[in-house]
Amino acid sequence: MVKIKNAEKETASGVSTNLKYIKTKPWGSWIAAAILAVLLALLLWAVAVNPNIKWPKLGEYLFDKAIMQGFSITIRLTILSMVIGIVLGVILALMKLSTNTVLRVTSSAYIWVLRGTPVLVQLIFWYNMALIFPRIGIGSFSLNTNHVITTFGAAILALGLNEGAYMAEIVRAGFLSVARGQMDAALATGLTRRQAMRYIIIPQSLRVIIPPTGNQTIGMLKTTSLASVIAAQDLLTVTENIYAKTFLVIELLIVASIWYLVGTTIASIGQYFIERKFGAGSTTTGVKMSDFLRERMLSSTRALSALSYLNKE
Amino acid sequence: MSDKILLEARGVEKSFGHIKVIRGLDLKVREGETVCIIGPSGGGKSTFLRCVNFLEKIDRGALLFKGQLVGYSKHGSILRDWNEHEAASYRVKVGMVFQHFNLYNNMTAGANVAIGPRVVNGESQGKAMERAKILLEKVGLIEKINSYPSQLSGGQQQRVAIARALAMEPEIMLFDEATSALDPELVGEVLQVMKDLATEGMTMLVVTHEIGFARQVGDTLIFMDQGVVAEKGDPKEMISNPKCQRTKEFLSTVL
């Protein structure tokens, strides 16, 4: 609490100023914070001393070999699906912006179907592809579908092809965000459309494309857990396998959650640095603690200044 | 100025949907000549420049550059549409400066100027940058070679844009209201660069609202209204003594 006492002064007009400045106190915030802190402590206590959660087991399984392998499959699924999704997204976006009607309609239809059906359903479709096409190939050369599309393959195809539909919209929005005049100027200089895209349009659209792509990657890391329904041996699959045998359901779900959180945290940090490199201006940064403290301190200085000017002639 | 005609429009028409923007335009630009086009907004001036640079295709009539049809290539007795590469190599010969500059935002001033020679003509990075330095020197912005467009004033951006167009060594320069988006105090520096170019003998087609520039620098003045050339003549004579009623009315509003 800062009080600024002001000695009694006589102004020229004869009005005495004996003013005291008392800072506005954010009572509401303090009460809310206190209530929340108590609730949080109660929750933590209830979980920590709960006899139904065997904490030592959690430590035992945290770095379990099977869990580690599952986490590694999850990471690989995420990276491969995103690579497929991004490449496909760029192709679909270019098709959708093309002057060729067939390409445009094909792209729109693809996005309509893949975005309009649940990814879980698509996952099971790919897993059961052998029911429609027992063998795939060209002419006399063909292979058993189940050998080509393994569970891992089905997961990648389903997640990657689905992601392509979402990335297409993100990439298209990025291309459209570049001012029309940039293309005009490039063409007027004698560049072809392809050269203009490569040197002018795509580099400028990255600023808009990268932040949502980071979000998609973080989302994908979690979405890969759906692949557990086809037993793709990802983190959630192995977690389920272990607790099916040991009945340590909650302990293993906590273990899995910790690793998912590690993955998404690393991805978020990576996203921060990539966005900074490309000068992304589209992310909103929260109010920093230092800003908040500076604002609190400034209020006294401001009041002092106001007082001194009030007393001036 | 020679008597050789560099650019000719014969009965050019252009519509956007149901709106006819240009309705039968005839015009000739001789080598080394500075032709200024004035007229009210919506009169088809900018659209015509975009047609000359083949950013838009004309619906009727013919555009001729050095006696050759713009937009078509002749193969014996067969006429074909230009492909992308033919269009691009035509645009190299026709420099264009836009009202809103349109500098590439992801590149420095130097790179803006160098990108054309580098990508289109396959010049080395070093050689293209040398060229950029000479041209930025010419427009008085050599010290801004490493600045991005967002760090430059409007007038500076437009001068870089002129340097960028000149880098392709065009045979004609098109100016589409090059000073209309500028703060009044920045207009002069851009007009000076344009004046220097005209003095050097560059062929120029200038759409402008700067009547002073048209009078002082222009060899021919064209008043364009409702998609046609309403009046054409010597700039000084036309400005002081317009014959067409609409030219009179227009000049009285801008002078």
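In this text, all values refer to a predicted model and were calculated from it rather than measured experimentally.

**Q** What's the story with the overall build of chain A in this structure? I'm lost.
**A** Scanning chain A for helices and strands turns up 13 helices and six strands. Relative to a compact globule of 313 residues, whose C-alpha radius of gyration would be 20 Å, chain A shows 30 Å and is clearly more extended. For chain A, the spread of C-alpha atoms along the three principal axes comes to 110 × 75 × 30 Å. In chain A, which comprises 313 residues, the share counted as buried stands at 35%. Look at the contacts in chain A between residues 6 or more apart in sequence, and 70% of them connect residues 24 or more apart. Counting every atom, chain A has about 19,000 Å² of accessible surface; 68% of that belongs to carbon and sulfur. Distance between charge centres in chain A, computed from 29 positive and 14 negative side chains, equals 6 Å.

**Q** Teacher, can you tell me more about the pattern of salt bridges here?
**A** A side chain of one charge can pair with a side chain of the opposite charge when the charged atoms of the two come close. The tally for this structure, following the rule as stated, stands at 18 salt bridges over all chains. The closest approach of N and O atoms between E169 of chain A and R115 of chain A, which form a salt bridge, is 3.9 Å. You can see E169 of chain A sitting in helix 8 (residues 151–177) and its partner R115 of chain A sitting in helix 4 (residues 101–116), a full 54 residues away along the chain. D184 of chain A is the partner of R50 of chain B in a salt bridge, and the nearest nitrogen-oxygen pair spans 2.9 Å. Taken together, the residues R50 of chain B in helix 1 (residues 45–52) and D184 of chain A in helix 9 (residues 180–189) connect one chain to another.

**Q** Help me understand the side chain of E8 of chain B, please; the structure alone is not making it clear to me.
**A** Residues and elements named next belong to chain B. Within the secondary structure layout, E8 lies in strand 1 (residues 5–16). Taking the relative accessible area as the measure of exposure, E8 reaches 13% and is therefore buried. Separated by 2.9 Å, the side chains of E8 and R10 make a polar contact. For E8, the contacting residues outside a window of four places in its chain are L27, K28, A62, L63 and L64.

**Q** Teacher, can you tell me more about the UniProt feature "transmembrane region" (unreviewed entry) in chain A here?
**A** Residue and element names in this part refer to chain A. The feature "transmembrane region" (unreviewed entry), as given by UniProt, occupies residues 27–49, 70–97, 109–129, 141–161 and 242–262 in the numbering adopted here. Between the first and last C-alpha atoms of residues 27–49 the distance is 33 Å; the span itself is 96% helix and 0% strand. Between the C-alpha atoms that bound residues 242–262 there is a distance of 20 Å. The span itself is 90% helix and 0% strand.

**Q** Even after reading the chapter, I still don't get the UniProt feature "domain: ABC transmembrane type-1" (unreviewed entry) in chain A, so can you show me in this structure?
**A** Mapped onto this numbering, the UniProt entry annotates "domain: ABC transmembrane type-1" (unreviewed entry) at residues 71–271 of chain A. Here residues 71–271 of chain A runs as 81% helix and 4% strand, with 20 Å between its end C-alpha atoms.

**Q** Quick question: what am I supposed to make of the domain arrangement of chain A here?
**A** How big an interface is tends to be stated in terms of the accessible area lost upon association of its parts. Assigned domains of chain A: these are domain 1 (1–49) and domain 2 (57–312). Computed from C-alpha coordinates alone, the two centres of domain 1 of chain A and domain 2 of chain A are separated by 44 Å.

**Q** In this structure, what is going on with the sheet that holds strand 12 (residues 228–233) of chain B? I would like to understand it.
**A** Residues and elements named next belong to chain B. With mixed pairing, six strands are arranged side by side in an open sheet as 8-9-10-3-11-12. With partners counted over all chains shown, the strands left at the sheet margins are strand 8 (94–97) and strand 12, one partner each. The mean angle between the axes of side-by-side strands here comes to 20 degrees, regardless of whether they run parallel or antiparallel. The pairing of strand 11 (residues 220–225) with strand 12 spans five bridges and is antiparallel. Across the sheet, D225 pairs through a bridge with V228, a residue of strand 12. The strands that helix 2 (residues 84–93) touches are strand 8 and strand 9 (172–176); relative to strand 8, the one it contacts most, it runs at about 70 degrees. Sheet contacts for helix 5 (residues 154–166): strand 8 and strand 9; angle to strand 8, the most-contacted strand, approximately 170 degrees.

**Q** Explain the interface of chain A and chain B here, please?
**A** In this assembly, 19 residues from chain A lie in contact with 24 residues from chain B. Interface of chain A and chain B: buried area, both sides summed, is about 1,700 Å²; carbon and sulfur atoms make up 59% of it. Three residues, A188, T189 and Y199 of chain A, lead the burial of chain A against chain B; their summed loss comes to 29% of the area buried on that side. On the surface where chain A and chain B come into contact, there are one salt bridge. Linking chain A with chain B are 10 residue pairs in polar contact (both at pLDDT 80 or more). Looking at the side of chain A that touches chain B, the elements that each hand over two or more residues are helix 9 and helix 10 (193–223) of chain A.

**Q** Before we go on, may I ask you to explain the nonpolar core in this structure?
**A** One broad rule of soluble globular proteins: the nonpolar side chains tend to lie buried together. Of all hydrophobic cores here, the largest spans 57 residues; its most connected members are F48 and L205 of chain B. Considering each element in turn, this core owes the most residues, six residues, to helix 10 of chain A. In contact with L205 of chain B, other than residues within four places in its own chain, are L7, V29, V35, I37, F48, L49, V52, M173, L174 and F175 of chain B. Core analysis: the second largest hydrophobic core is formed by 48 residues, A114, L152, V217 and M238 of chain B among them.

**Q** Can you walk me through the packing of aromatic side chains in this structure?
**A** Within a pair of aromatic rings, the relevant descriptors are the distance that separates the centres and the angle that separates the planes. Tallying each qualifying case throughout the model produces eight aromatic pairs over all chains. Residues F63 of chain A and W259 of chain A carry aromatic rings whose centres are separated by 5.7 Å and whose planes lie at 80 degrees to one another, so their mutual orientation is edge-to-face. Placement of F63 of chain A in the loop between helix 2 (55–62) and helix 3 (65–96) and of W259 of chain A in helix 12 (residues 249–277) is noted, with a sequence separation of 196 residues between them. You can call W259 of chain A buried: its relative accessible area is 12%. Centre to centre, the rings of F54 of chain B and W82 of chain B are 5.1 Å apart; their planes meet at 80 degrees, and the pair counts as edge-to-face. You can see F54 of chain B sitting in the loop between helix 1 and strand 4 (60–65) and its partner W82 of chain B sitting in the loop between strand 7 (78–81) and helix 2, a full 28 residues away along the chain. Here F54 of chain B matches W82 of chain B in class, with each residue buried. Each member of the aromatic cluster is reached from another via a ring pair, and the members are F54, F65, W82 and Y90 of chain B.

**Q** I'm lost on the sheet that holds strand 2 (residues 19–30) of chain B in this one. Help?
**A** In a beta sheet, neighbouring strands pair by backbone hydrogen bonds and run either parallel or antiparallel. Residues and elements named next belong to chain B. Strand order in the open sheet made by the four strands is 2-1-4-5, with antiparallel pairing throughout. Only two strands of the sheet have a single neighbouring strand rather than two, namely strand 2 and strand 5 (68–69). When strand 1 meets strand 4, the two strands line up antiparallel, connected through five bridges. Note that in strand 4 the partner of E13 across the bridge is R60.

Scoring rules and cut-offs
Residues numbered from 1 in each chain as written. Chains lettered and ligands numbered in written order. Predicted model: local features only at pLDDT ≥ 70, side-chain atom pairs only at ≥ 80, totals over all residues. Heavy atoms only, no water. Helix = DSSP H or I, 4+ residues; strand = E, 2+ residues; numbered from the N terminus. Rg over C-alpha atoms; globule rule 2.2 N^0.38 Å. Buried < 20%, exposed > 50% of the residue type's maximum accessible area, 1.4 Å probe, protein only. Contact = heavy atoms within 4.5 Å. Areas by Shrake-Rupley, 256 points an atom, 1.4 Å probe, with all protein chains shown as cover. Lys, Arg positive; Asp, Glu negative; His and termini not counted. Charge placed at Lys NZ, Arg CZ, Asp CG, Glu CD. Salt bridge = Lys/Arg side-chain N within 4 Å of Asp/Glu carboxyl O. Polar contact = N/O pair within 3.5 Å; in protein donor to acceptor, adjacent residues only side chain to side chain. UniProt positions renumbered as here; feature names shortened; annotations may be inferred. Domains from an automatic or database assignment. Pairing = 2+ DSSP bridges. Axes fitted to C-alpha atoms, helices over the stretch in contact; angles between N-to-C directions. Buried area = accessible area lost by both parts, 1.4 Å probe. Core = buried A, V, L, I, M, F, W, Y, C linked by side-chain atoms within 4.5 Å. Phe/Tyr/Trp six-rings, centres within 6.5 Å; stacked < 30°, edge-to-face > 60°.

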